[in-house]
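Chain by chain, the residues run as shown.
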Amino acid sequence: MKVRNTGNEEKIELQMTPMIDIVFQLLVFFIMTFKIVSQEGDFDIKMPLAAQGPGSISDETLLPLTLELQADATGKIARIQLNERSFGTFPELHDYVVGYIGTDENRRENTELEIRADYQLRYENVIEALSAVRGRRKDDGTIEDLITKIKFAPPQEEP
Amino acid sequence: MRVKKSNSGVLEGDLTPMIDMTFQLIAFFMVLINFEQSEQHEKIQLPDSELAKPAAEKTEYPIILHLTQREEGQPETVILGGEEINIEALGPFLGREKQMYLGQGAKESEITVVIRAHKGARTGKVQNLIAKCQESSLENFKLRAKEDVGNF
């Protein structure tokens, strides 16, 4: 019996082209559905239902602050007032609060602030106000607290 | 002079490294892609804040409420778990979420409401939302903002 050993070696060749095509399809799919999102952070506020009565523990030597935010008809900020002082912009308010707190740890820990905003004011202005009074970003990137006891005034009626 | 003409002008490159890199890229994007919708919603554009830094600790019992902005005469609506609800009708839904956490052993004081409100929503509506949550005895709130990366 003659056993043929020569020649007919079948080489199994893998077809690369379709595989590359499918791989590129997958890649394009994932690139298209990839979403770049910014980091999100939170402002904590505690809003207990029970109103703060005269028996609540608050430092009476510290002036309670009221931040009034008035809006124009379109919801943009029209007026920023902290107690009796008016400010043109939120950075001005921020600088004032930084100066007000200074290095007084008692003020830093115990000052209470109430935000009173117009109903139609755009929410981003409230967040900007919170950023201006809540803390300060230092040069090294860390955040120094300014006023931490922040609450909202009761909501107004819808106009 | 014998000029040897090569058979084909086709460049044959080795494709193996290219395919390897492509697989690497696919694996990269597969890991990064997040199909989870509960924490984010494309309708909501959060306001920017310099102080918005992701919290060091994860909120243990969060109830995430998205608040849209007004559109075409329709007031702001709340999106909770994929459902779009009016603020006034939110009570039972909040109760349901609360019961779920209480059933897991949480205390009422440990439940936090995370409010992801659109930057163009009216402040009054956010306050109404907070008041509605207070009616369900929820007291802890987190107002969510996007990190402000500043101007380039």
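Attention in this report is confined to the structure presented alongside it. (Residues numbered from 1 in each chain as written. Chains lettered and ligands numbered in written order. Predicted model: local features only at pLDDT ≥ 70, side-chain atom pairs only at ≥ 80, totals over all residues. Heavy atoms only, no water.)

What to know about the overall build of chain A
Turning to step 1, where the next piece is worked out: Tallying secondary structure elements over chain A gives four helices and eight strands in all.
Turning to step 2, where the next piece is worked out: Going from N to C terminus, chain A has its helices and strands arranged as α-β-β-β-β-α-α-β-α-β-β-β.
Turning to step 3, where the next piece is worked out: Counting over 159 residues, chain A shows a buried share of 32%.
Turning to step 4, where the next piece is worked out: Considering only intrachain contacts with a sequence separation of at least 6, the fraction spanning at least 24 residues in chain A is 63%. (Helix = DSSP H or I, 4+ residues; strand = E, 2+ residues; numbered from the N terminus. Buried < 20%, exposed > 50% of the residue type's maximum accessible area, 1.4 Å probe, protein only. Contact = heavy atoms within 4.5 Å.)

Observations concerning the packing of aromatic side chains
All names here are of chain A.
Turning to step 1, where the next piece is worked out: Inspection of every chain in the model, using the stated rule, returns six aromatic pairs over all chains.
Turning to step 2, where the next piece is worked out: Between the aromatic rings of Phe29 and Phe30, the centroid separation amounts to 5.1 Å while the plane-to-plane angle is 70 degrees, which identifies the pairing as edge-to-face.
Turning to step 3, where the next piece is worked out: Residue Phe29 is classed as partly exposed on the basis of its relative accessible area, which comes to 41%.
Turning to step 4, where the next piece is worked out: For Phe30, a relative accessible area of 10% gives the class buried.
Turning to step 5, where the next piece is worked out: Looking at Arg107, its charged tip hangs above the ring of Tyr100, at a distance of 4.2 Å from the centre. (Phe/Tyr/Trp six-rings, centres within 6.5 Å; stacked < 30°, edge-to-face > 60°. Lys NZ or Arg CZ within 6 Å of the ring centre and 35° of its normal.)

A closer look at the interface of chain B and chain A
Bring the parts together and some accessible area is lost; that lost area is often taken as the interface size.
Turning to step 1, where the next piece is worked out: Each side of the interface is counted separately: chain B has 47 residues, and chain A has 48 residues.
Turning to step 2, where the next piece is worked out: Of the roughly 4600 Å² buried between chain B and chain A on both sides combined, carbon and sulfur atoms contribute 62%.
Turning to step 3, where the next piece is worked out: The tally of links between chain B and chain A comes to four salt bridges.
Turning to step 4, where the next piece is worked out: For the interface between chain B and chain A, the tally reads 16 residue pairs in polar contact (both at pLDDT 80 or more).
Turning to step 5, where the next piece is worked out: Contributing elements (two or more residues each) for the side of chain B that touches chain A: helix H1 (16-32), strand E1 (48-49), strand E5 (111-117), helix H3 (123-135) and strand E6 (140-147) of chain B.
Turning to step 6, where the next piece is worked out: The element best represented in the side of chain B that touches chain A is H1 of chain B, accounting for nine residues.
Turning to step 7, where the next piece is worked out: Tallied by class, residues from the side of chain B that touches chain A come to 23 nonpolar, eleven polar and 13 charged. (Buried area = accessible area lost by both parts, 1.4 Å probe. Salt bridge = Lys/Arg side-chain N within 4 Å of Asp/Glu carboxyl O. Polar contact = N/O pair within 3.5 Å; in protein donor to acceptor, adjacent residues only side chain to side chain. Nonpolar A, V, L, I, M, F, W, Y, C, P; charged D, E, K, R; others polar.)

Observations regarding the environment of Lys132 of chain B
Residues and elements named next belong to chain B.
Turning to step 1, where the next piece is worked out: Assignment of secondary structure puts Lys132 in helix H3.
Turning to step 2, where the next piece is worked out: On the basis of relative accessibility, which here comes to 17%, the residue Lys132 falls in the buried class.
Turning to step 3, where the next piece is worked out: Here the alpha-carbon distance between Lys132 and Leu90, two residues 42 residues apart in the chain, equals 7.4 Å.
Turning to step 4, where the next piece is worked out: Those residues within four positions of Lys132 in sequence are excluded, and the remaining contacts are Ile87, Glu88, Leu90, Gly91 and Leu94.

Some remarks on the packing of helix H2 (residues 90-101) of chain A against helix H4 (residues 123-134) of chain A
All names here are of chain A.
Turning to step 1, where the next piece is worked out: Where H2 contacts H4, the axes come no closer than 8 Å and their chain directions differ by 25 degrees. By the criterion of interaxial angle, the relationship of H2 to H4 is roughly parallel. Two packed elements cross with a definite hand, and for H2 against H4 that hand is right-handed. Where H2 abuts H4, its residues Phe90, Leu93, His94 and Val97 lie against Asn125, Glu128, Ala129, Ser131, Ala132 and Val133.
Turning to step 2, where the next piece is worked out: Residue composition of the contact of H2 with H4, by class: six nonpolar, three polar and one charged. (Axes fitted to C-alpha atoms, helices over the stretch in contact; angles between N-to-C directions. Parallel < 35°, antiparallel > 145°, perpendicular 65-115°, else oblique. Left-handed = near helix turned anticlockwise from the far one by under 90°.)

Side note on the sheet that holds strand E4 (residues 85-87) of chain A
Residue and element names in this part refer to chain A.
Turning to step 1, where the next piece is worked out: With mixed pairing, five strands are arranged side by side in an open sheet as E4-E3-E2-E5-E8. Bordering the open sheet on either side are E4 and strand E8 (149-152), each of which pairs with just one other strand. Strand-to-strand twist of the sheet, defined as the mean angle between neighbouring strand axes without regard to direction, takes the value 25 degrees.
Turning to step 2, where the next piece is worked out: Pairing of strand E5 (residues 112-117) with E8, which is carried by four bridges, proceeds in the parallel orientation. In the strand pairing of E8, Ile115 is matched with Phe152.
Turning to step 3, where the next piece is worked out: In this fold H4 packs onto strand E2 (65-71), strand E3 (77-82), E5 and E8, with an angle of close to 150 degrees to the strand it touches most, E2. (Pairing = 2+ DSSP bridges.)

Examining the packing of helix H1 (residues 16-33) of chain A against H1 of chain B
Turning to step 1, where the next piece is worked out: In the contact formed by H1 of chain A and H1 of chain B, the axes pass within 9 Å of each other and the chain directions differ by 30 degrees. Considered as vectors, H1 of chain A and H1 of chain B are oriented roughly parallel to each other. As H1 of chain A runs across H1 of chain B, the sense of the crossing is left-handed. Along its contact with H1 of chain A, which presents Met16, Met19, Ile20, Val23, Phe24, Leu26, Leu27, Phe30 and Ile31 of chain A, the element H1 of chain B presents Met18, Ile19, Thr22, Phe23, Leu25, Ile26, Phe29 and Met30 of chain B.
Turning to step 2, where the next piece is worked out: Across the contact of H1 of chain A with H1 of chain B, the residue classes break down as 16 nonpolar, one polar and no charged.

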